[in-house]
Amino acid sequence: MQDIVNTDEMKAKIESAVKDISSSVELRETKMKFLGKNGEIPSLMKGLKDLPSEERPAAGKVINALREWAEDAFGKCEERIKNAELNARYEREKIDVTMPGKRRKKGAFHPDTLVVDELVSVFSGMGFEIYEGREIETDYYNFTALNTPKDHPARDMQDTFYLGGDFLLRTQTSAGQVHVMENKKPPIKILSPGKVYRPDDDATHSPMFSQMEGLVVDRGITLCDLKGMLDEFARKIFGSGVKTRLRPSYFPFTEPSVEVDVSCFECGGKGCKLCKGTGWIEVLGAGMVNRAVLENCGIDPDEYTGFAFGMGIERIAMLKYGINNMKLLFEGDVRFGKQFRE
Ligand code: PHE
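Read on for a plain summary of the structure. (Residues numbered from 1 in each chain as written. Predicted model: local features only at pLDDT ≥ 70, side-chain atom pairs only at ≥ 80, totals over all residues. Heavy atoms only, no water.)

Attention now moves to unusual backbone geometry. With an omega of 5 degrees, the peptide bond running from Pro-186 to Pro-187 counts as cis. Relative to the assigned elements, Pro-187 resides in the loop between helix H7 (175-183) and strand S5 (188-197). With omega at 0 degrees, the peptide bond leading from Glu-255 into Pro-256 counts as cis. Residue placement: Pro-256 occurs in strand S8 (residues 254-263). With a phi close to 65 degrees, Asn-147 is a non-glycine residue in the positive phi region. The residue Asn-147 is located in the loop between helix H6 (139-142) and strand S3 (162-164) in this model. The class of Asn-147 is partly exposed, set by a relative accessible area of 24%. Positive phi, close to 50 degrees, is recorded for Lys-276, a residue that is not glycine. Note that Lys-276 resides in the loop between S8 and strand S9 (280-289). (Helix = DSSP H or I, 4+ residues; strand = E, 2+ residues; numbered from the N terminus. Buried < 20%, exposed > 50% of the residue type's maximum accessible area, 1.4 Å probe, protein only.)

Everything listed here is a matter of coordinates, which is why it stays silent on function.
Now the structure itself:
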């Protein structure tokens, strides 16, 4: 029997094979080699048929014991491999809970956006609807319908980017007034924020900037209504003690036209650096809608009157937040922007 089943030799072979196994793939392969259907141990079993029949039972027992021993050896190996693989995975996926987390930087709204949002909330409280006009306009809407025909000297007040044909980049949100009046019968009460363009570029001018237009048209609207609304606006935006003052001015589309000053919210009107010692700060242009403009838009000026106003958003932002250089509003420097984080 010894010659057909040399278990010591086989055990030694298995032991040395198992020792070198370092992965479950290798384990599976080696196990197949010894215990698989055509493996070495089953082959020994098959060899039994060549033995004389009286020797077979004893030899069978020996081989069975060997198989059990081998299964046990591979079982132990499997445990070792599993542990090693698990530990390697733990090592790989180790999380250091003491590491500082990743901080997400919080963004901030642009001061222009803050001002527009505030203005929209103040004016919608007074019943204004928002109308967003278009940035590309025709000469007619930006100038002619606003009582500024070609060759009108007032065209010099606003340098213009012409786009070819009849098109241009609007120089003022006032262009939107015409669209609104053409399409809506009074009462009209709209607020129109948006970007406007003029080819100026220096310390206090940018070729693209933002305006906020307001337009009210109804029966019996007077300059007093404008003044009352401006007082309310000034108190809400600049502080409860702030007053307004109207100075005569000129715009082709309003008559009479005014510049609107607010009393200096920094010094209370005594005179300081912000108001250049005058006690007043200019914030917007306004006036009663010119009869010619109402007529151009198909509104009967004998039946209806209205007022309009327009302000520069950057200017309001600079005043409100004490920004001394307009370029800061256009450069996108994060050190500037983050100061407006809530
Ligand atoms: N559109 C004028 C400007 O850009 C401002 C304005 C609007 C004045 C409405 C009067 C009425 O300067």
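Still to come is the rest of the account.
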